[in-house]
Amino acid sequence: MKWGMVLAGASAEIVPVSLEIGRFLFSPGRKFHGFLVEARAERGVFRRMLEVAAKHNARLRLAHFQSFKRKTILVFFDCTECDVEPQELMKEISGSRNIISIKPIESQIEGFIIDTATKHLTISGVRSAAVSLPVFRGLIQGVHERLGSGGAVFLYYMGVEAGREASKLAREMALDLGILDSLRILRDITLPLYGSTGWGFPEVVEYHDKPLLMRIRIYDSLECEVGRGARQSYSHLARGFIAGCIEELFGVKVSVMEVKCIAKNDPYCEFTVKPA
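Since the model is a prediction, treat every value here as computed from it, not as a measurement.

About the criteria used
- Residues numbered from 1 in each chain as written.
- Predicted model: local features only at pLDDT ≥ 70, side-chain atom pairs only at ≥ 80, totals over all residues.
- Heavy atoms only, no water.
- Helix = DSSP H or I, 4+ residues; strand = E, 2+ residues; numbered from the N terminus.
- Contact = heavy atoms within 4.5 Å.
- Areas by Shrake-Rupley, 256 points an atom, 1.4 Å probe, with all protein chains shown as cover.
- Lys, Arg positive; Asp, Glu negative; His and termini not counted.
- Charge placed at Lys NZ, Arg CZ, Asp CG, Glu CD.
- Pairing = 2+ DSSP bridges.
- Axes fitted to C-alpha atoms, helices over the stretch in contact; angles between N-to-C directions.
- pLDDT = per-residue confidence, 0-100.
- Salt bridge = Lys/Arg side-chain N within 4 Å of Asp/Glu carboxyl O.
- Buried < 20%, exposed > 50% of the residue type's maximum accessible area, 1.4 Å probe, protein only.

What about the overall build of the protein chain?
Then comes step 1: Assigned secondary structure in the protein chain consists of 7 helices and 12 strands.
Then comes step 2: Summarising its shape, the C-alpha atoms of the protein chain cover approximately 65 × 45 × 30 Å along the three principal directions.
Then comes step 3: For the protein chain, restricting intrachain contacts to residue pairs at least 6 apart in sequence, the fraction spanning at least 24 positions comes to 66%.
Then comes step 4: Of the roughly 15700 Å² of accessible surface on the protein chain, a fraction of 54% belongs to carbon and sulfur atoms.
Then comes step 5: Distance from the positive charge centre (36 side chains) to the negative charge centre (32 side chains) of the protein chain: 3 Å.

Re the sheet that holds strand E11 (residues 254–260)
Then comes step 1: Spatial ordering of the open sheet is given by E9-E10-E12-E11, a layout of 4 strands whose pairing is antiparallel. The open sheet has two free edges, formed respectively by strand E9 (201–209) and E11, since each of these has just one partner strand. Strand after strand, the sheet turns through a mean of 20 degrees between neighbouring axes, direction not considered.
Then comes step 2: When strand E10 (residues 212–219) meets strand E12 (residues 269–275), the two strands line up antiparallel, connected through 5 bridges. Bridging across to E12, isoleucine 218 finds its partner in cysteine 269.
Then comes step 3: Sitting on the sheet, helix H5 (residues 182–196) is in contact with E9 and E10, with an inclination near 160 degrees to E9.

Considerations on the sheet that holds strand E5 (residues 99–106)
Then comes step 1: Overall, antiparallel pairing links the 4 strands, which are arranged E3-E4-E2-E5 in an open sheet. Pairing within the sheet leaves two strands with one partner each, and these edge strands are strand E3 (59–67) and E5. Direction aside, neighbouring strands of the sheet carry axes that sit 15 degrees apart on average.
Then comes step 2: As judged from the 8 bridges shared by E3 and strand E4 (residues 70–78), these two strands associate in the antiparallel manner. The partner of leucine 62 across the bridge, within E4, is phenylalanine 76.
Then comes step 3: Contacting strand E2 (32–40), E3, E4 and E5, helix H1 (residues 45–55) crosses the sheet at an angle of about 20 degrees to E4.
Then comes step 4: Packing against the sheet, helix H2 (residues 86–93) makes contact with E2, E4 and E5, and its axis sits at approximately 15 degrees to E2.

Considerations on the confidence of the model for the protein chain
Caution is warranted with low-pLDDT regions, since their predicted coordinates should not be read in detail.
Then comes step 1: Looking at the protein chain, pLDDT values average 88 and 94% of them are 70 or higher.
Then comes step 2: The model gives residues 1–12 a pLDDT under 50, and that stretch makes 23 contacts with residues more than four places away or in other chains.

Concerning the pattern of salt bridges
Then comes step 1: What the rule picks out here adds up to 16 salt bridges.
Then comes step 2: A salt bridge links aspartate 78 to arginine 61; the nearest nitrogen and oxygen atoms lie 3.7 Å apart. Taken together, the residues span a long stretch of sequence, with aspartate 78 in strand E4 and arginine 61 in strand E3 at a distance of 17 residues.
Then comes step 3: Residue classification places aspartate 78 among the buried positions, given a relative accessible area of 0%.
Then comes step 4: For the salt bridge of glutamate 165 with lysine 168, the shortest nitrogen-to-oxygen distance reads 3.3 Å.

This is the structure:
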């Protein structure tokens, strides 16, 4: 691949779509109830739950679903117009032969319910944490305000280590999938995982292997959303993440420069990568 050639899909418009991952509901005046269900990995379990709920005018408001050797289903229902008590609803749902266990989640305050039945958030089985934009803004802006130019260096090296660890995980997944090529691991696993966790939508738009040169874009960067109006490049954490990923996967030290940034009113953040 020659430097300057655009990879397939690079020119396609990326349209961000929001996906709610919060495990709570807030709607004053409504009566919520939830269940955490463990079931055998058979067809029809979720359909049975919806049929029982519809029968009793319980409206599904939120569901998290995963299915491997067994199914784990977290559901919240709006039971404001329900014609039976939540205990009866649970009893009917648990009547399915494929249900292994069902745990009720009760609302402590009318109009608000939160998941108290599960313990940890995980990504690929690894414990993780979700951070909202206001909390993230406090973290990033706090570092900049208190450490000045040193804050940018601090964030960069945080990103480097994060990128290394993310790429180690991606390489393990790639080996299980029979993928050994470093570019494929970066382009098709590491960067999409970064995007799937809410940091932005990255893509490799240019690549050359001898010497290693890349151009990477991040659309809708969370870090730089915080820095809008700064009139200067703001992606120190993301810049370090890219460097850590590439150094881990390709085994070479690199220099990563941010040449475009949404904090400067550019349409996306863009990074050039070259040997250090």
